[in-house]
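# Descriptive analysis of the structure
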Amino acid sequence: MVDLKGQYNDIKNVVNPAIQEVIETTTFINGPKVHQFQKNLEQYLSVKHVIPCANGTDALQIAMMGLGLKPGDEVITADFTFAATVEVIALLQLTPVLVDVNEDDFNINIEAVKKAITSKTKAIVPVHLFGQCANMEAIMEIAKEHNLFVIEDNAQAIGANYTYKNGRKVKAGTIGNVGATSFFPSKNLGCYGDGGAIFTNDDDLAHIIRGIVNHGMYERYHHDVVGVNSRLDSIQAAVLDAKLPLLDGYNNARRNAAKKYNEAFKNIENIVTPITVNGCDGICDTCDCHVFHQYTLKIKVTNRDALVKHLNENDIPCGVYYPIPLHKQKAYLDNRYNEADFAVTNQLVKEVISLPMHTELDDEQIQFITSTIIKFING
Ligand SMILES: *Cc1c(COP(=O)(O)O)cnc(C)c1O
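Residues numbered from 1 in each chain as written. Predicted model: local features only at pLDDT ≥ 70, side-chain atom pairs only at ≥ 80, totals over all residues. Heavy atoms only, no water.

### With respect to the site of the ligand
Neighbouring the ligand are the residues N55, G56, T57, T81, F82, A84, V127, D153, A155, Q156, S182 and K187. Within the side chain of D153, an N or O atom sits 2.8 Å from a nitrogen atom of the ligand. Between the ligand and K187, the relevant distance is 3.0 Å, taken from an oxygen atom to a side-chain nitrogen or oxygen of the residue. In the complex, 91% of the free accessible area of the ligand, which totals 380 Å², lies under the protein chains. Of the residues that constitute the shell around the ligand, the class distribution is four nonpolar, six polar and two charged. (Near = heavy atom within 4 Å. Polar contact = N/O pair within 3.5 Å; in protein donor to acceptor, adjacent residues only side chain to side chain. Areas by Shrake-Rupley, 256 points an atom, 1.4 Å probe, with all protein chains shown as cover. Nonpolar A, V, L, I, M, F, W, Y, C, P; charged D, E, K, R; others polar.)

Printed below as a string of structure tokens:
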């Protein structure tokens, strides 16, 4: 699904000395590389504060802790996402409220969000799934009207732009009160281990969060709040700082691969290719509205699982993200849910298939993958 080795071979002359420098200076924790990466990422995202942390799941948890959410507060998020999003809500003893997503872009459905709001609702967590922003303008409007916090799960969309109706573009993850991202190796900006970060334009919130990631300390050995230990280590920061200048190029390579996939599947009945919704139709070169963390097809009529099996037999990697709606997962069952409210997610889990997507995909590979799929679909 990803080719981390191929990418590493291209950048080892930059990455190796950066890692070596951390080792030579033994600044493993909170070294200058962490600060340097933080500053460079703030500049790249045009956001006032980046707070690095240990992984994307921590980033979400710490964001929610920083906002002062309390047990019993309801937090609305998408039913169709990776479990980390709902996990941290539950872990903090907040009440997860899962809602359905859109059929076209897989992102949280605005009407479903509106319907789920109660007097206990305190926050919305849109997940920018597969590399494209949720409808942030609508979400921010709802949040304003009901006095809710917005926490963007930006683990899959780093570098993507969100385009407002008036044409203004901002980076994914910098629109809500706070954004969280992951630098897991297979993410669009991945390190060589675990890593994550929190973004915010709110000075007070940034201050609170900087304490939380460091055992609740604002002054050495004074613990004002209950915190956690969540750090991006200096070696990971060195890798990320070396890769950050390449991120736009990497995302372009992903978009190009997506375009080639789209072109190949264009006239194939029963294959629905992904669409981009924010301010452009088709996959344009200029607005960076989709960074294709995943390239995800919907397979109609043909049995998706049979296709998965066929691809596996032909040594073509593929993934099903996600095979089970979160509201049906044992850990997150809630008898308040009504199956009729999850019609889209319940359908998507049967239809979606994600194809290999990375910065090293070449035409020959794409040709082999697409022709194998088309042959199978056309029987
Ligand atoms: C990867 C991912 C996370 C978690 O990131 P980790 O760094 O693995 O903890 C959270 N949310 C989404 C949507 C993700 O894809």
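That shown, we press on.
### Regarding the pattern of salt bridges
As enumerated under the stated definition, the model contains 15 salt bridges in all. One salt bridge in this structure joins K122 and D73, with 3.7 Å as the shortest N-O distance. A residue pair is termed long-range when its members are at least 10 positions apart, and K122 in strand β4 (residues 121-125) and D73 in the loop between α3 (56-66) and β2 (74-78) qualify at 49 residues. Linked by salt bridges that have partners in common, E74, D334 and R336 make up one network. (Salt bridge = Lys/Arg side-chain N within 4 Å of Asp/Glu carboxyl O. Helix = DSSP H or I, 4+ residues; strand = E, 2+ residues; numbered from the N terminus.)

### Observations regarding the state of the cysteines
Across all of its chains, the model carries zero disulfides by this definition. For the unlinked cysteine C53, the closest cysteine sulfur is that of C191, found at 11 Å. We classify C191 as buried; its relative accessible area is 1%. (Disulfide = S-S within 2.5 Å. Buried < 20%, exposed > 50% of the residue type's maximum accessible area, 1.4 Å probe, protein only.)

### Quick look at helix α9 (residues 247-265)
Look at α9: 27 Å from first C-alpha to last across 19 residues, which is about the 27 Å you get at 1.5 Å a residue. Every buried residue belonging to α9 is among L247, Y250, N251, R254, R255, A257, A258, Y261, N262 and F265, and all of these are buried. An end-on view of α9 places all buried positions within 160° of arc, on one side of the element. (Expected span 1.5 Å × (residues − 1). Arc of directions from axis to C-beta.)

### Thoughts on the pairing of strand β5 (residues 149-153)
Counting buried positions along β5 gives four out of five residues, so the element sits mostly inside the fold. Judged from the three bridges that link them, β5 and strand β8 (residues 178-182) form a sheet pairing that is parallel. Bridge pairing links E152 to G179 in β8. (Pairing = 2+ DSSP bridges.)

### Overview of the sheet that holds strand β14 (residues 352-355)
As summarised here, the arrangement of the three strands in space is β12-β13-β14, forming an open sheet in which the pairing is antiparallel. Looking at the sheet topology across the chains shown, the edges are occupied by β12 (271-272) and β14. When strand β13 (residues 295-299) meets β14, the two strands line up antiparallel, connected through four bridges. Residue pairing in the sheet places L297 in a bridge with I353 of β14. In the packing of helix α10 (residues 304-313) onto the sheet, contacts are made with β13 and β14, and the angle to β14 comes to roughly 25°. Contacts between helix α11 (residues 343-351) and the sheet are confined to β13 and β14, with β14 contributing the most and set at about 50° to the helix. (Contact = heavy atoms within 4.5 Å. Axes fitted to C-alpha atoms, helices over the stretch in contact; angles between N-to-C directions.)

### Here's the deal with the environment of V99
Looking at the element boundaries, V99 is found in strand β3 (residues 95-99). Measuring from C-alpha to C-alpha, the distance between V99 and V150 comes to 15 Å, with 51 residues separating the pair along the chain. Residues in contact with V99, not counting those within four places in the same chain, are I76, T77, A78, D79, I108, A112, V113, A116 and F342.

### Digging into the side chain of N251
By the element assignment, N251 lies in helix α9. Within the structure, N251 has its side chain in polar contact with the side chain of N188 (distance 2.9 Å).

### A word on the pairing of β2
Across the five residues of β2, five count as buried, placing the element largely inside the fold. Two elements, β2 and β3, share five bridges in a ladder whose sense is parallel. Bridge assignment links A78 to a residue of β3, and that residue is V99. On the question of chirality, the crossover connecting β2 to the parallel β3 by way of helix α4 (residues 84-91) is right-handed. Bridge count for β2 against β4 is four bridges, and the pairing is parallel. Paired with T77 across the strands is V125, a residue of β4. (Right-handed = clockwise from strand over helix to strand, strands pointing away.)

### Details of the sheet that holds β8
Across the sheet, seven strands lie side by side as β1-β9-β8-β5-β4-β2-β3; this open sheet has mixed pairing. The open sheet has two edge strands with one neighbour each: β1 (49-53) and β3. Shown here is a sheet whose adjacent strand axes are inclined to one another by a mean of 25°, direction ignored. Where β4 meets β5, two bridges bridge the pair, whose relative direction is parallel. Residue pairing in the sheet places A123 in a bridge with F149 of β5. Those strands touched by helix α2 (residues 32-45) are β1 and β9 (196-200), and its axis lies near 135° from that of β1. The sheet strands contacting helix α6 (residues 136-146) are β4 and β5, and the helix crosses β5 at an angle near 150°.

### Overview of the packing of α3 against helix α7 (residues 203-212)
Describing two packed helices takes the angle between their axes plus the distance from one axis to the other. In the contact formed by α3 and α7, the axes pass within 9 Å of each other and the chain directions differ by 125°. Compared by their axis directions, α3 and α7 come out oblique. Considering only the axes of α3 and α7, their crossing is right-handed. Facing I62, A63, M65 and G66 of α3, the residues of α7 in contact are L205, I208, I209 and I212. Split into classes, the residues belonging to the contact of α3 with α7 amount to seven nonpolar, one polar and no charged. (Parallel < 35°, antiparallel > 145°, perpendicular 65-115°, else oblique. Left-handed = near helix turned anticlockwise from the far one by under 90°.)

These values are about where atoms sit, not about what they do.
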